[in-house]
Amino acid sequence: MNSPFDLTGRVAVVTGANTGIGQGIAVALAEAGADIAAVGRSEASETADKVRALGRKCELVSADLSSIAPVGDVVDSVVSSLGSLDILVNNAGIIRREDALDFSEEDWDAVMDTNLKSLFFLSQAAARHMTGWSDQQGKRGKIVNIASMLTFQGGIRVPSYTASKSGVGGLTKLMANEWAARGINVNAIAPGYIATNNTAALQADETRNRQIMERIPEGRWGDPKDIGGAAVFLASSAADYVQGHILAVDGGWLAR
Ligand code: NAP
């Protein structure tokens, strides 16, 4: 009997897959059997090597998601090169840090455009493809958004990041509400504190690093690999009845 977590024959788009959490997710989906389209502004050659070493295909799709201009081409290019688009992981994201009193419009727009606007319009483009499947194909589309602890909390010195990730939580539920009956599952993962480029400044700040570590029951920063299992679950038929959920993978941070 096939495992409900098996992704063999599925095509997964992962945005921002060249490094960090996106790379961890791309490799985990490939381990579960999916072919991968690594979408981003930097070439994901290291990720492609890891995915291909697992015997899965990996297409590199160049797209700068600071604007929504490339979203239609991304979907067309994935479908023409890999034959379908079954899973979308909206992972690409940026953060800008400044006191709220001094925060600039440029830092507001840059973060909102990449983290929220592109996430929505790429999801829309993917959903238009997924809702075009015939019932006979028996497939369900899966969209997994990468949220944050700041989907639930306010944070400090990151107003546009908090606004964008709170928005990701709301949009995850809205898209699930509208598309569940159209054969698409939309859910999110809220990573805790994961050691990547995104959190390099926090890891380097001795005081903030100690404060963060003290609150994590697991007693360590997360690794991008820690997010992989949740992504496989939400991308698989094991999660066919899971909708609009925000799954924290945080070493217990929110439980404190
Ligand atoms: P990261 O190492 O900085 O990775 C961010 C990824 O997004 C990179 O691949 C980056 O590409 C890509 N990206 C940024 N702007 C882009 C653009 N305009 N077009 C295309 N791709 C773009 O950080 P990460 O921690 O892995 O972050 C991944 C996601 O997890 C983000 O949404 C982040 O907000 C979220 N997250 C992270 C943490 C954490 O603790 N690390 C916690 C909660 C949520 P480049 O390499 O080309 O910049």
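Since this is a predicted model, take the numbers as computed values, not measurements.

1. Considering the side chain of T114
By the secondary structure assignment, T114 is in helix α4 (residues 105-130). When near neighbours in sequence (up to four residues on either side) are disregarded, T114 contacts L65, S66, A92, G93, I94 and L119.

2. Quick word on empty space enclosed by the protein
What the rule picks out here adds up to 1 cavity of 30 Å³ or more. What the largest cavity holds in volume is close to 60 Å³. The element best represented in the lining of the largest cavity is α4, accounting for 5 residues. Across the lining of the largest cavity, the residue classes break down as 4 nonpolar, 5 polar and no charged.

3. What to know about the site of the ligand
Contacts to the ligand come from 29 residues, most closely from N18, S42, N91, Y161 and T196. One of the side-chain N or O atoms of R41 is found 2.7 Å from an oxygen atom in the ligand. Contact distances for the ligand include 2.9 Å between an oxygen atom and a side-chain N or O atom of K165. Burial of the ligand by the protein amounts to 92% of the accessible area it has alone, namely 880 Å².

Procedures and definitions
Here the residue index of a chain counts from 1 through its sequence in written order. Residues qualify for local features only when their pLDDT is at least 70, as the model is predicted, and side-chain atom pairs are given and counted only at 80 or more; totals for whole chains, interfaces and linings, by contrast, use all residues. To obtain the side-chain values, all non-hydrogen atoms of the structure were included, while hydrogens and water were left out. Per the convention used, a helix needs a DSSP run of H or I reaching at least four residues, while a strand needs a run of E reaching at least two, with both numbered from the N terminus. We call two residues in contact when some of their heavy atoms are within 4.5 Å. For cavity detection a 1 Å grid was placed over the protein atoms alone, and a set of points counts as a cavity when a 1.4 Å probe fits there but cannot get out; an open set counts as a pocket when protein lies on both sides within 12 Å along at least five of seven lines, with lining residues being those that have an atom within 4 Å of a point. Grid points are joined across faces, edges and corners, and a volume is the space filled by probe spheres set on the points. In this classification, the charged set is Asp, Glu, Lys and Arg, the nonpolar set is Ala, Val, Leu, Ile, Met, Phe, Trp, Tyr, Cys and Pro, and all remaining amino acids, among them Gly, are polar. Note on definitions. A residue lies near a molecule or strand when any single heavy atom of the residue is within 4 Å of it. Pairs of N or O atoms within 3.5 Å make up the polar contacts considered here, provided that, within protein, one atom can donate a hydrogen while the other can accept it, and that residues adjacent in sequence are counted only when both atoms are side-chain atoms. Note on areas: these come from Shrake-Rupley sampling with a 1.4 Å probe, and a residue is covered only by the protein chains present in the view.

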